[in-house]
Protein chains: 2
Amino acid sequence: VTDTVTSTAADVGERIQPPFLVYFGDVTELGFAKTGLGLIEWRREQCLGQRRLPGCILNGGIQEMSIDDAIEVGVKTVVVGVAPAGGVLPQEWIEDLAYAAKRGLNIASGLHTRLSDSGEIAAAASDSGARLIDVRIPPEELPIGTGIRRSGRRLLTVGTDCAVGKKYTALAIEKEMIARGLNAKFRASGQTGIMIAGQGIPIDSVVADFVAGAAECLSPPAEADHWDLIEGQGALMHPSYAGVSLGLLHGSQPDALVICHDPARQYCIGTAEEAGYELPSLAETISINLQLARRVNPDARFVGVSLNSSRISEDEYKARLIQYGEELGLPVVDPIRDGTGAIVDRLLEEFL
Amino acid sequence: VTDTVTSTAADVGERIQPPFLVYFGDVTELGFAKTGLGLIEWRREQCLGQRRLPGCILNGGIQEMSIDDAIEVGVKTVVVGVAPAGGVLPQEWIEDLAYAAKRGLNIASGLHTRLSDSGEIAAAASDSGARLIDVRIPPEELPIGTGIRRSGRRLLTVGTDCAVGKKYTALAIEKEMIARGLNAKFRASGQTGIMIAGQGIPIDSVVADFVAGAAECLSPPAEADHWDLIEGQGALMHPSYAGVSLGLLHGSQPDALVICHDPARQYCIGTAEEAGYELPSLAETISINLQLARRVNPDARFVGVSLNSSRISEDEYKARLIQYGEELGLPVVDPIRDGTGAIVDRLLEEFL
């Protein structure tokens, strides 16, 4: 991807320098592996190898290597692609990562604890000049949002719930647009996305007053034909995270929106069943997103529906494609099954 | 006000202990005086005196006193009721406040810089055991919002814009309800409100992911006939702060809402005129607030309109009362001119 925009690194967070060694440590739960596996899936060419300690159950399917091997083949950054159970770095990892830092490798981490909280890693990095990048820490000195329209085009993925494929969909649209020779760039708003993009802002970690301002920085002014494909966060109808979603929606000023949905899900994720937060309908979610988006971009409109169909049958999937397509008048895809070509077609129809 | 709820101090921030000495220092701009003057207006009986240094242009109209006088009459907390120009504490203030802390007075401040950032004040407080309370700093360990309905009743003030009287209106409704012997408590979400209430959470300083959770803590479960009167923040149609407003709306789960409006204002405060953010209409603002509020409380409804009429003529004011009343079917008041009796009447009609 060629970055067509003049934007400082500070706009969208620190740049994580490829190529990478993906660090899995001795993690024993698949659920913790999102970042490392996502990085390998979407930036395979930048991942020169993986490092697994004895007992690790994960396998990214790429070359195993030691820290020394990684330096040999030109790795610049070790990406800690998993969270250890309990969030605390085990001593074996600390020793391993401190050795990498001592040898001059940068380390990027999405852990809750800062890398520099480990005196051993901090000292090693300080000696060698290696950089320690905590992707959960937002940039300092973010501005208040201005609402002023900026040049270039923007697409934002939103959802009927959290964790319904907003990141995946934005990445899949980026891939499709770049394959067609279009001027497009994925913009990451969460930790896994930031690892994949190499930069971005963890929107949900920003102080509330600055969320819209952070979103404005995340997607800076661009050339007229450039599309930023912005990873959504949370969901406007989710009782825990709607404020994050609205700040990101306003700051993104999207021209185009894509709605992501899991037809097998009944209640909003993370809410107690007795609280009664059933998933809102697609139509309702589209309506409330448009009402709010049009405050900052009167021309905002939806260009597609992205389904996560992993938990429904083939027959039900086909039925949903027809049902949603008729109901909403939008192309409907599961990006894993079908790609996002139909959504990009609609995007071009609407905006060319 | 009797607190009818079993809530720990941690729920709603640290308690600021009355009675108070209101500290104006040598401030030379009226615009910086909101907190001190608000405290005297709403909690006159708790303000035993004011402290002004030579050159101070502000006068709260209460007893002048030195730190020694304040100790003599039983003051427990010095409230820094103004922000110095540039936000940095002048050396004279530091000496004065360090002396107060040394003598055992607590100090509460709404400044951007922490009181403990001054080594002199921190050392004095540490010696005497005085507490330093920075009301802009949210409590640690706030939870994620759950959306689970809780007992008791809640009213939230919202606005067509920021700075249209949301705090004033909530305080005026508290005053009216208490005068009628009702079970009501003002809940503060901003620094001036927190000084007045003695506790609260500065919602706009909370990390985005935790805003709804903070709002849930701010207004904890209560007796069935208890009303929390929650100070709103920002505005859903303001391009800079809407996310804060939505998190607070969801976490508050309001039964009743009051909309605040300044009829003389044309553009959203803080936005550039060329950005074109005209104030939304009352009807539009009510509609979007209700749609979003009903996600967490299907019974949410508006019970009144609170106007800030300070910049319109008497004739225009009367015309607006009739116009808005007919348009919206709600009682309309300027709480400074008319009090909030008509709104409380409607509240009781709707919810008794």
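Up top you'll find the structure we're talking about.
Residues numbered from 1 in each chain as written. Chains lettered and ligands numbered in written order. Predicted model: local features only at pLDDT ≥ 70, side-chain atom pairs only at ≥ 80, totals over all residues. Heavy atoms only, no water.

A.B. asks: Just checking my understanding: could you explain the pattern of salt bridges for this structure?
C.D. replies: Note that side chains of opposite charge can pair when their charged atoms are close. Summed over all chains, the structure comprises 38 salt bridges over all chains. The residue Arg187 of chain A makes a salt bridge to Asp228 of chain A at a minimum N-O spacing of 3.0 Å. Of the two residues, Arg187 of chain A is situated in strand E7 (residues 184-187) and Asp228 of chain A in strand E8 (residues 227-230); the sequence distance between them amounts to 41 residues. Comparing Arg187 of chain A with Asp228 of chain A shows no difference in burial state: the two are buried. Linking Asp334 of chain B and Arg337 of chain B is a salt bridge whose minimum nitrogen-to-oxygen distance equals 4.0 Å. The exposure class of Arg337 of chain B is partly exposed, given its relative accessible area of 34%. Through salt bridges with shared partners, a single ionic network connects Asp161, Asp262, Arg265 and Arg311 of chain A. (Salt bridge = Lys/Arg side-chain N within 4 Å of Asp/Glu carboxyl O. Helix = DSSP H or I, 4+ residues; strand = E, 2+ residues; numbered from the N terminus. Buried < 20%, exposed > 50% of the residue type's maximum accessible area, 1.4 Å probe, protein only.)

A.B. asks: Sorry if this is basic, but what is going on with the packing of helix H9 (residues 282-293) of chain A against helix H9 (residues 282-293) of chain B here?
C.D. replies: Relative placement of two packed helices is described by the angle separating their axes and the distance separating the axes. Remark: H9 of chain A packs on H9 of chain B, axes separated minimally by 12 Å, with the N-to-C direction vectors making an angle of 140°. Here H9 of chain A runs over H9 of chain B; the crossing is left-handed. Of H9 of chain B, the residues touching H9 of chain A (which contributes Ile288, Gln291 and Leu292 of chain A) are Ile288, Gln291 and Leu292 of chain B. Here the contact of H9 of chain A with H9 of chain B is composed, by residue class, of 4 nonpolar, 2 polar and no charged. (Axes fitted to C-alpha atoms, helices over the stretch in contact; angles between N-to-C directions. Left-handed = near helix turned anticlockwise from the far one by under 90°. Contact = heavy atoms within 4.5 Å. Nonpolar A, V, L, I, M, F, W, Y, C, P; charged D, E, K, R; others polar.)

A.B. asks: Explain the sheet that holds strand E11 (residues 332-333) of chain B here, please?
C.D. replies: Sheet strands associate in pairs through backbone hydrogen bonding, adopting either a parallel or an antiparallel arrangement. Residues and elements named next belong to chain B. Spatially, E7-E8-E6-E9-E10-E11 is the arrangement adopted by the 6 strands of the open sheet, whose pairing is parallel. The open sheet has two edge strands with one neighbour each: strand E7 (184-187) and E11. When strand E10 (residues 301-307) meets E11, the two strands line up parallel, connected through 2 bridges. Looking at E11, one finds that Ser306 is bridged to Val333. Docked against the sheet, helix H8 (residues 242-252) engages strand E6 (153-159), strand E8 (227-230) and strand E9 (256-261), running at close to 165° with respect to E6. (Pairing = 2+ DSSP bridges.)

A.B. asks: How should a nonpolar patch on the surface be read in this particular structure?
C.D. replies: A grouping of Leu30, Leu37 and Ile57 of chain A is seen on the molecular surface, where their side chains present a nonpolar patch of about 280 Å² in accessible area. In this structure, Leu37 of chain A sits in helix H1 (residues 34-42). (Patch = residues over 30% accessible without salt bridge, like charges linked within 9 Å, V, L, I, M, F, W, Y side chains within 5 Å. Areas by Shrake-Rupley, 256 points an atom, 1.4 Å probe, with all protein chains shown as cover.)

A.B. asks: Teacher, can you tell me more about the sheet that holds strand E3 (residues 77-80) of chain B here?
C.D. replies: Residues and elements named next belong to chain B. The sheet built from 5 strands is open, its strands ordered E2-E1-E3-E4-E5 with parallel pairing. Sheet topology places strand E2 (47-52) and strand E5 (132-134) at the edges, where each strand pairs with a single neighbour. Shown here is a sheet whose adjacent strand axes are inclined to one another by a mean of 20°, direction ignored. Here 5 bridges tie strand E1 (residues 20-25) to E2, and the two strands are oriented parallel to one another.

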